[in-house]
Amino acid sequence: MLRSKICLCLTAPTLEQDVKLVEKYKNWIDLVELRVDCLNQDQQLLIREFPKMIDLPAILTIRRKSDGGNYTQGEGARTVLFAKGLSFATLDQKKNFAYIDMEEDFSIPSLEEAARAFGTRIIRSVHNISAPITNISELVKTIPHSSDEICKIAFMPKTLSDVTNLYREAKKIKNQDVILIAMGHYGVSTRILASKLGSLLTFTSPKQEDLIFTNKEFQEASSLQSPNSDSLKNETQTSAAPGQLDPITLSEVYNFKSINKDTKVFGVTGFPLAATKSPLIHNIGYREKGIDAVYIPIPAATPQDALNFAEELNITGLSVTVPHKETIRPYLSQISEVADAIGSTNTVMKQDNLWYGTNTDATGFSKALIEFLGKKNLRFCKVAIIGAGGAAKAVANAIRELGGKACIFNRTVEKAKELALQYKFKWAELSPQNNYILEKYSNLIIQTTSIGMTPKEDADPIPFYTFKGTESLFDVIYEPAETKLMKRAKESGCKTTNGYRMLIHQGTLQFKLYTGVDYPPLEGLSI
Ligand code: ATR
């Protein structure tokens, strides 16, 4: 069965820096791509030495600007550079480039012959850096100039449906070695699921901090050159291509090496879905429990796009986040009582060929709260819920289930009232005048607004309230790990916690729903 290889793209301005990157990442990669177009001009003259400087197979690539690279000199000069890379080939293939990337419209028979003669395999590539390529299975038949070439197609999707199409097309490809990539944010799944796509390899970039290091040295080097020097153009291009993950994340968060054609896929959808901890939570669980599954980010502008993608990849468990938690409702055949009560769906599952929605936020919160308080219910506990938005709805539901008496405080008092009436709670406007009510409901204070996420000085939703030290404070925010409010409460002697365990628990509950298997014990897991 095909197991895709991990290729590290090297975009440093000097070979020495590229070698340092290879050293740093060698435990997580199978091969490298030397992006000659990112090298300083004087370094480009030395590329023939590169395969001898490292202990891994290398791809020789000179990417033109029009294909997303930095190379702006003409095709004549590029041909000479390719020839330099292939020159003085030795019978010891490890000392030659293992692959050479030549675009479909580039054809120099003498170079191709030289490559073949010394075992350098040709990757015949087509790039569209601004639009999708759709007729992939047909193109794969016409792109290679001969049957021994690897066909590479890379394009920029405009929507997730362009990526879905790539998976559909990939299934039709037979008997042809291919590298298939959907670039950019929408295409991130194709980087992770290369083995499922049948792609021989996946391209990765060093972590941003290593690229900054590279770039800093590069800037120092280039400041010595004339400001118009060609290599200065490299300055803004630090990563090799948009959407690439780093090899460590690919291996350690996504268990890349264990993914194969049969691996079951789950994921989280939302937009823009910038940073999400869900893949980490779920993938650690699969690894610990020996489940052949992978959990991926699925950025989708609409719920429909996400569900079409899920159908194509046979995804039967899909987590849903902002902004689709409410808007996915019309696409579901059925939803659970709790999702209906909260008015939000964070968990979607395929059951009997129909999409079913539920919500694990309330139960996730309950579990975290029970752990925090060390008691199983909230009888005799007076609870203040600060805020009446999406998070507050899950919290209110859980507090009701646990038997607590609550008052909901919100800037927009109508929203507090509406939510409170649903659960027979009290409500009040979030203002200093109502401090005396807050004092009455202060056994447990649950902060659900987003204010504390900002580093601003006034990032405190209840600045008028003075903690006595007897309150328990649960802030659902987990980034920052300690909000201004938490700090203030702690300094007064209060017990405090943030939303991290809630986040973990809503994920572990989904894990059980998707796989039927209990999540492994959290103790000792690095999440
Ligand atoms: P979420 O889904 O994260 O809960 P939300 O539904 O937009 O996000 O709700 C945000 C909550 O934070 C609301 O209770 C909101 O109060 P309003 O209903 O009055 O908008 C509250 N919030 C946000 N910014 C606030 C601020 N500067 N002061 C007070 N409350 C604020």
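Owing to the predicted nature of the structure, the values given are computational and were not obtained by experimental measurement.

Visitor: Quick question: what am I supposed to make of the pattern of salt bridges here?
Guide: Side-chain pairing between opposite charges can occur once the charged atoms of the two side chains come close. Enumeration over the complete set of coordinates arrives at 33 salt bridges. With a closest N to O distance of 2.8 Å, Arg116 and Asp148 form a salt bridge. Of the two residues, Arg116 is situated in helix H5 (residues 109–117) and Asp148 in the loop between helix H6 (136–142) and strand S6 (150–155); the sequence distance between them amounts to 32 residues. Between Lys207 and Asp246 there is a salt bridge, with the nearest N and O atoms lying 3.8 Å from each other. Within this pair, whereas Lys207 is found in the loop between strand S8 (201–204) and helix H10 (208–223), its partner Asp246 is found in the loop between H10 and helix H11 (247–252), the two being separated by 39 residues in sequence. We classify Lys207 as partly exposed; its relative accessible area is 24%. Note on Asp246: relative accessible area 11%, which makes it buried. The network of salt bridges with shared partners includes Glu33, Arg63, Arg64, Asp67, Glu75, Arg78, Asp101, Glu103, Asp105 and Lys152.

Visitor: Would you mind going over H5 with me for this structure?
Guide: Residues that lie three or four places apart on an α-helix share one face, since the helix turns once every 3.6 residues. Listed as buried for H5 are Leu111, Glu112 and Ala115. An end-on view of H5 places all buried positions within 100° of arc, on one side of the element. Of the exposed residues in H5, the ones pointing more than 90 degrees away from its buried face are Pro109, Ser110 and Ala117. Each element contacted by the buried residues of H5 is listed here: helix H4 (75–86), strand S4 (99–103) and strand S5 (121–128). Downstream of H5 by a residue or two, Gly119 has a phi angle that is positive, lying close to 75°.

Visitor: What is the right way to read the site of the ligand from this model?
Guide: Taken together, the residues surrounding the ligand are Gly387, Ala388, Gly389, Gly390, Ala391, Asn410, Arg411, Thr412, Lys415, Thr449, Ser450 and Ile451. Between the ligand and Gly389 there is a distance of 3.5 Å, counted from an oxygen atom to a backbone nitrogen or oxygen. Ala391 has a polar backbone atom sitting 3.0 Å from an oxygen atom of the ligand. A total of 640 Å² of accessible area belongs to the ligand in isolation, and the protein chains cover 63% of it. The residue makeup of the shell around the ligand, split by class, is 3 nonpolar, 7 polar and 2 charged.

Visitor: In this structure, what is going on with the sheet that holds S8? I would like to understand it.
Guide: Hydrogen bonds between backbone groups are what pair the strands of a sheet, and the pairing can be parallel or antiparallel. Spatially, 8 strands are ordered S7-S6-S5-S4-S3-S2-S1-S8 in an open sheet, and the strand pairing comes out parallel. Where the open sheet ends on each side, the last strands, each with one partner, are strand S7 (178–182) and S8. Recorded for the sheet is a direction-independent mean angle of 25° between the axes of neighbouring strands. Summarising the sheet, S6 and S7 pair through 5 bridges and their orientation is parallel.

Visitor: Would you explain unusual backbone geometry in this entry?
Guide: Trans peptide bonds make up the majority, and among non-glycine residues the majority have a negative phi. Note the cis peptide between Val322 and Pro323, where omega equals 5°. Relative to the assigned elements, Pro323 resides in the loop between strand S11 (317–320) and helix H14 (324–327). Here Glu479 and Pro480 are connected by a cis peptide whose omega angle stands at 5°. Along the chain, the position of Pro480 falls in the loop between strand S19 (472–475) and helix H20 (484–491). Phi is positive for Asn175, close to 55°, though the residue is something other than glycine. Mapped onto the elements, Asn175 comes out in the loop between helix H7 (160–170) and S7. Taking the relative accessible area as the measure of exposure, Asn175 reaches 83% and is therefore exposed. Even without a glycine there, the phi angle at Leu273 is positive, about 55°.

Visitor: Whenever I open this one, the pairing of strand S2 (residues 31–35) confuses me. Can you help?
Guide: Sheet faces and side chains relate simply in a regular strand, where the side chains alternate between the two faces. Burial of S2 is extensive: 5 of the 5 residues sit out of reach of the surface. Going residue by residue along S2, you find Leu31, Glu33 and Arg35 tucked away on one face and Val32 and Leu34 tucked away on the opposite face as well. By the bridge criterion, 4 bridges tie strand S1 (residues 5–10) to S2 in an arrangement that is parallel. From the neighbouring strand, Cys7 faces S2, where its bridge partner is Leu31. In this view, the connection linking S1 to its parallel neighbour S2 by way of helix H1 (residues 15–25) has right-handed handedness. Strand direction decides the pairing type here: S2 and strand S3 (residues 58–61), joined by 4 bridges, are parallel. Pairing of Val32 across the sheet is with Ala58, part of S3.

Visitor: Explain the sheet that holds strand S13 (residues 347–351) to me, please; I cannot follow it from the model alone.
Guide: With respect to topology, 6 strands assemble into an open sheet ordered S10-S9-S11-S13-S14-S12, the strand pairing being mixed. Both outer strands of the open sheet, strand S10 (293–299) and strand S12 (334–335), are each paired with one neighbouring strand and no more. By the bridge criterion, 7 bridges tie strand S9 (residues 264–270) to S10 in an arrangement that is parallel. Each bridged residue has a counterpart across the sheet, and for Val268 the counterpart in S10 is Pro297. Of the strands in this sheet, S9, S10 and S11 touch helix H12 (residues 278–289), which is tilted by about 165° from S10. Sitting on the sheet, helix H13 (residues 303–312) is in contact with S9, S10, S11, S13 and strand S14 (354–358), with an inclination near 120° to S14.

Visitor: Hey, could you run me through the environment of Leu307 in this one?
Guide: For Leu307, the position within the fold is in helix H13. Taking relative accessible area as the criterion, Leu307 reaches 4% and is therefore assigned buried. Taking the C-alpha atoms as reference, Leu307 lies 9.5 Å from Val348; in sequence the two are 41 residues apart. Setting aside its immediate chain neighbours within four residues, Leu307 contacts Leu318, Ile328, Tyr331, Val348 and Trp355.

Visitor: Would you explain the environment of Lys484 in this entry?
Guide: Mapping Lys484 onto the fold places it in helix H20. Lys484 sits in the partly exposed class, given a relative accessible area of 33%. For Lys484 and Glu418, which are 66 residues apart along the polypeptide, the C-alpha to C-alpha distance reads 28 Å. Leaving out residues up to four positions away in the same chain, Lys484 has contacts with Pro455, Lys456, Glu457 and Ala459. Among the polar contacts listed, one links the side chain of Lys484 to the backbone oxygen of Lys456, at a separation of 3.4 Å.

Procedures and definitions
Residues numbered from 1 in each chain as written. Predicted model: local features only at pLDDT ≥ 70, side-chain atom pairs only at ≥ 80, totals over all residues. Heavy atoms only, no water. Salt bridge = Lys/Arg side-chain N within 4 Å of Asp/Glu carboxyl O. Helix = DSSP H or I, 4+ residues; strand = E, 2+ residues; numbered from the N terminus. Buried < 20%, exposed > 50% of the residue type's maximum accessible area, 1.4 Å probe, protein only. Arc of directions from axis to C-beta. Contact = heavy atoms within 4.5 Å. Near = heavy atom within 4 Å. Polar contact = N/O pair within 3.5 Å; in protein donor to acceptor, adjacent residues only side chain to side chain. Areas by Shrake-Rupley, 256 points an atom, 1.4 Å probe, with all protein chains shown as cover. Nonpolar A, V, L, I, M, F, W, Y, C, P; charged D, E, K, R; others polar. Pairing = 2+ DSSP bridges. Axes fitted to C-alpha atoms, helices over the stretch in contact; angles between N-to-C directions. Right-handed = clockwise from strand over helix to strand, strands pointing away.

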